[in-house]
Amino acid sequence: MGLTPQQRIQLHNFNNLTKSLSFNMYDICYTCTKEEREAYLAYIDEQYNADRLGKILTNVCDIIGAHVLNVAKQDYIPQGASVTMLISEGPVETAPNASFEESPGPLPEHVLMHLDKSHITVHTYPEYHPDEGISTFRADVDVSTCGEISPLKALNFLIHSFDTDIMTMDYRVRGFTRDIHGHKLFIDHDISSIQNYIPSEIKDTYDMIDVNVYQENIFHTKCKLKKFDLDNYLFGYTKETLTEEDQDQITQRLKMEMDEIYYAKNMNTDRSV
């Protein structure tokens with residue numbers, strides 16, 4: 001059942017819909033020696049430690065109007081970090097039209113409304129190829145809310161919080177709530193794609209694929225950067241220090257890695273570079 005901002009249906013009780021957003025990003029780097037790999041992983045560990053990740057999640061809470069009840073965070077050895085927040089809200093008196101608009105969400109200086117008891121988590125996964133050459137950093141953010149507000153409102157800020165080559169996003173609405181006549185509502189807002197919540201300037205820089213199951217209220221979008229500049233994937237030096245042959249080989253290796261992550265399948269078993 002599709003709703004518009006003007007359609008304010010009276011509910012029998014509390015809005016029991018659960019809305020979950022999973023935001024998954026990858027940063028890819030070419031590290032041709034053990035020393036370069038260790039330096040890259042050390043940089044990632046410093047850049048995305050538990051304290052900074054906690055600040056990112058706190059900003060997400062500000063955007064969706066959540067109150068932080070409890071925080072658990074941990075930096076891992078040799079690398080990686082996790083942060084989990086239990087969040088709650090005060091009573092929702094009105095639902096502003098902005099909570100139903102299919103448009104990019106705000107950056108953290110804007111607060112829209114409260115959300116109900118739920119949680120936000122982030123986990124990081126630094127990783128590298130056993131033959132050196134490729135190192136990757138992955139961060140998984142999960143925002144789960146109950147009630148009227150959608151966690152998609154935090155998506156714009158999350159995209160701006162990470163330097164990302166590839167993003168995959170999943171959004172799902174679970175459960176149902178009832179109106180005052182007992183009629184079940186399995187979704188309370190119109191949505192055709194997660195892309196509705198991504199700014200146009202961001203969409204212009206990525207190739208995107210949607211896989212949506214509308215009858216089940218399941219939405220999936222994945223993105224890969226269109227523009228490729230080898231200098232953005234070298235750690236500690238620039239492409240001018242490499243031969244043209246090395247530049248071509250490294251570029252081929254990096255693009256293959258990105259395509260395999262984007263399409264979620266191995267495309268070439270030759271790892272000679």
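Here the structure is shown first, and the text comes after it.
This one's a predicted model, so the numbers in the text were calculated from it and none came from an experiment.

Going through the model one piece at a time under the given rule, you end up with 10 aromatic pairs. Geometrically, the ring pair formed by Phe 176 and Phe 186 is tilted, given 5.8 Å between the ring centres and 55° between the ring planes. Here Phe 176, found in the loop between strand 6 (166-174) and strand 7 (177-178), pairs with Phe 186, found in the loop between strand 8 (184-185) and helix 4 (200-203); they are 10 residues apart in sequence, far enough to count as distant. When the ring of Tyr 214 is compared with that of Phe 219, the centres are 5.9 Å apart and the planes differ by 70°; the resulting orientation is edge-to-face. The exposure class assigned to Tyr 214 is partly exposed, which follows from its relative accessible area of 46%. Members of the aromatic cluster, each reached through a chain of ring pairs, are Phe 23, Tyr 48, Phe 137 and Phe 162.

Here we have 8 strands laid out as an open sheet, ordered 2-3-4-5-1-6-10-9, and antiparallel in their pairing. Bordering the open sheet on either side are strand 2 (67-75) and strand 9 (206-213), each of which pairs with just one other strand. Across the sheet, the axes of successive neighbouring strands diverge by a mean angle of 10°, strand direction being ignored. As paired strands, strand 3 (residues 81-88) and strand 4 (residues 118-128) are joined by 6 bridges and run antiparallel to one another. Residue pairing in the sheet places Met 85 in a bridge with Ile 120 of strand 4. Packing of helix 1 (residues 34-47) onto the sheet brings it into contact with strand 1 (18-31), strand 4 and strand 5 (133-146), and relative to strand 1 it is tilted by some 150°. Its contacts with the sheet place helix 2 (residues 50-64) against strand 2, strand 3, strand 4 and strand 5, and it is angled at close to 25° to strand 3.

A rise of 1.5 Å per residue sets the reference length of helix 2, with its 15 residues, at 21 Å; its end C-alpha atoms lie 21 Å apart and thus fit the reference within 8%. Here helix 2 has its buried residues at Ala 50, Leu 53, Gly 54, Ile 56, Leu 57, Val 60, Cys 61, Ile 63 and Ile 64. Of the surrounding elements, those touching the buried residues of helix 2 are strand 2, strand 3, strand 4, strand 5 and helix 3 (155-161). Its side-chain oxygen placed 3.1 Å from the backbone nitrogen of Asp 51, Asn 49 serves as the N-cap of helix 2. Note on helix 2: the residue one or two positions beyond its end, Gly 65, has a positive phi of about 75°.

What counts and how
- Residues numbered from 1 in each chain as written.
- Predicted model: local features only at pLDDT ≥ 70, side-chain atom pairs only at ≥ 80, totals over all residues.
- Heavy atoms only, no water.
- Phe/Tyr/Trp six-rings, centres within 6.5 Å; stacked < 30°, edge-to-face > 60°.
- Helix = DSSP H or I, 4+ residues; strand = E, 2+ residues; numbered from the N terminus.
- Buried < 20%, exposed > 50% of the residue type's maximum accessible area, 1.4 Å probe, protein only.
- Pairing = 2+ DSSP bridges.
- Axes fitted to C-alpha atoms, helices over the stretch in contact; angles between N-to-C directions.
- Contact = heavy atoms within 4.5 Å.
- Expected span 1.5 Å × (residues − 1).
- Polar contact = N/O pair within 3.5 Å; in protein donor to acceptor, adjacent residues only side chain to side chain.

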